[in-house]
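The lines below spell out each chain.
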Amino acid sequence: MGVSMGFFVVFLVLVSSPLCFSYYLYPQFYEHSCPQAQEIVKSVVAKAVAKETRMAASLLRLHFHDCFVKGCDGSLLLDSSGTIISEKRSNANRNSARGFEVIDEIKSELEKACPQTVSCADTLALAARDSTLLAGGPYWEVPLGRRDSRSASLSGSNNNIPAPNNTLQTIITKFKLLKLDLTDLVALSGSHTIGLARCTVFRQRLYNQSGNGQPDSSLDATYAAQLRMGCPSSGGDNNLFPLDFVTPAKFDNYYFKNILASKGLLNSDQVLFTKSEATMELVKQFAENNELFLDQFTKSMLKMGNITPLTGHRGEIRKNCRRVNKY
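Residues numbered from 1 in each chain as written. Predicted model: local features only at pLDDT ≥ 70, side-chain atom pairs only at ≥ 80, totals over all residues. Heavy atoms only, no water.

(A) Region of the structure containing unusual backbone geometry. We note that Lys179 has phi near 65°; this positive angle belongs to a residue other than glycine. Judged by relative accessible area, which is 69%, Lys179 ranks as exposed. Of note in the backbone geometry, Ser262 takes a positive phi value of approximately 60° without being a glycine. By the element assignment, Ser262 lies in the loop between helix H12 (254-260) and helix H13 (267-274). With relative accessibility at 26%, the residue Ser262 sits in the partly exposed group. (Buried < 20%, exposed > 50% of the residue type's maximum accessible area, 1.4 Å probe, protein only. Helix = DSSP H or I, 4+ residues; strand = E, 2+ residues; numbered from the N terminus.)

Structure representation (structure tokens):
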């Protein structure tokens, strides 16, 4: 009886362990099936960023917008077809999300080297890490083994991704639903240390935040005047401005220093300092200590990258990131 019960206990431990069935993410996932996978991603991303510096921020953003809708499953990459309505049509992505052609190129090279082995979801995660590193940010080992969704969620993309004009409480709620806390929220917002934003995204802060045609009172007056020169009250919707005007292409903590100086470009940036003592304190800490920010950003990226991934036999490995496989 003792031997049988002992075996039963061991059996339960093994069955309940995700390690037993590899239903978990780990950096060496493609070590044998596609050992060159990470080098392929790195090479294509490096070429794309060398051609256009802004692409680093664009690829990092794709990973964010994928993970915030249905988890990190590559659903963002699907084009509309059949029963699928693409997430690219959402308010958060339409005329804004970019870098899809770079992901296509990466996937093409991966398929040549290792047919139907590396998922589009993992490709996004690796491209985000490599983009961050190329911009001067931290390196981290990316846990791998995600599989690709066979569906997309336009409504999820419209409702779950934090928007530039959201209140802080709304942003906190959207993060909390994904089990991301205040520290994650502030650290991940730090990705705005690189990249550009369109005039239409922050125009309200310059002209009508309080209904009197004047700039938002939380925005530095001199900075607001400079922005108004390139972002008129009407027209110029697609005029681009750096999210961090001091070091726009470098991944560092100037984003937080700008917020302290009332020079956060987006409303969702500045509210981190004006609407909550908890987030205010985090902004101060990251502004004072670049290493602290980079370390927490790494931890929060790893946490975000593990939002409900499809593993094991769930989902599929798409041959083309823009469409599901045909059986």
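There is more to say after this.
(B) The state of the cysteines, seen in detail. The full count for this structure, using the stated rule, is four disulfides. What pairs with Cys67 in a disulfide is Cys72, and their sulfur atoms sit 2.0 Å apart. An S-S torsion of about 120° defines the bridge between Cys67 and Cys72 as right-handed. Residue classification places Cys72 among the buried residues on the basis of a relative accessible area of 1%. Disulfide pairing is shown between Cys199 and Cys231; the S-S distance is 1.9 Å. One disulfide, between Cys199 and Cys231, carries an S-S torsion of 75° and so falls in the right-handed class. Of this pair, Cys199 sits in helix H10 (residues 199-207) while Cys231 sits in the loop between helix H11 (221-230) and strand S2 (240-242), and the two are 32 residues apart along the sequence. Across the chain, the disulfide pattern expressed with sequentially numbered bonded cysteines is 1-4, 2-3, 5-8, 6-7. (Disulfide = S-S within 2.5 Å.)

(C) Structural context of H10. Of all the positions in H10, only Cys199, Phe202, Arg203, Arg205, Leu206 and Tyr207 are classed as buried. Looking straight down H10, one finds its buried side chains confined to an arc of 165°; they lie on one side. For H10, the elements touching its buried residues are strand S1 (196-198), H11, S2 and H13. (Arc of directions from axis to C-beta. Contact = heavy atoms within 4.5 Å.)

(D) Main features of the layout of surface pockets. Space inside the largest pocket adds up to approximately 1,200 Å³. Put simply, the parts of the chain that give the lining of the largest pocket at least two residues each are helix H4 (55-67), helix H7 (154-160), helix H8 (168-176), helix H9 (182-189), S1, H10 and H13. Broken down by element, the lining of the largest pocket gets its largest block of residues, seven residues, from H4. Taken together, the residues that form the lining of the largest pocket break down as 24 nonpolar, 14 polar and six charged. In this structure, the second largest pocket occupies an estimated 160 Å³ of space. Lining the second largest pocket are Pro27, Gln28, Tyr30, Glu31, Cys34, Pro35, Ala37, Gln38, Tyr139, Glu141, Val142 and Leu144. Class assignment of the residues belonging to the lining of the second largest pocket gives a composition of eight nonpolar, two polar and two charged. (1 Å grid on protein atoms, 1.4 Å probe; cavity = no way out; pocket = protein on both sides within 12 Å on 5 of 7 lines; lining within 4 Å. Points joined across faces, edges and corners; volume = space filled by probe spheres on them. Nonpolar A, V, L, I, M, F, W, Y, C, P; charged D, E, K, R; others polar.)

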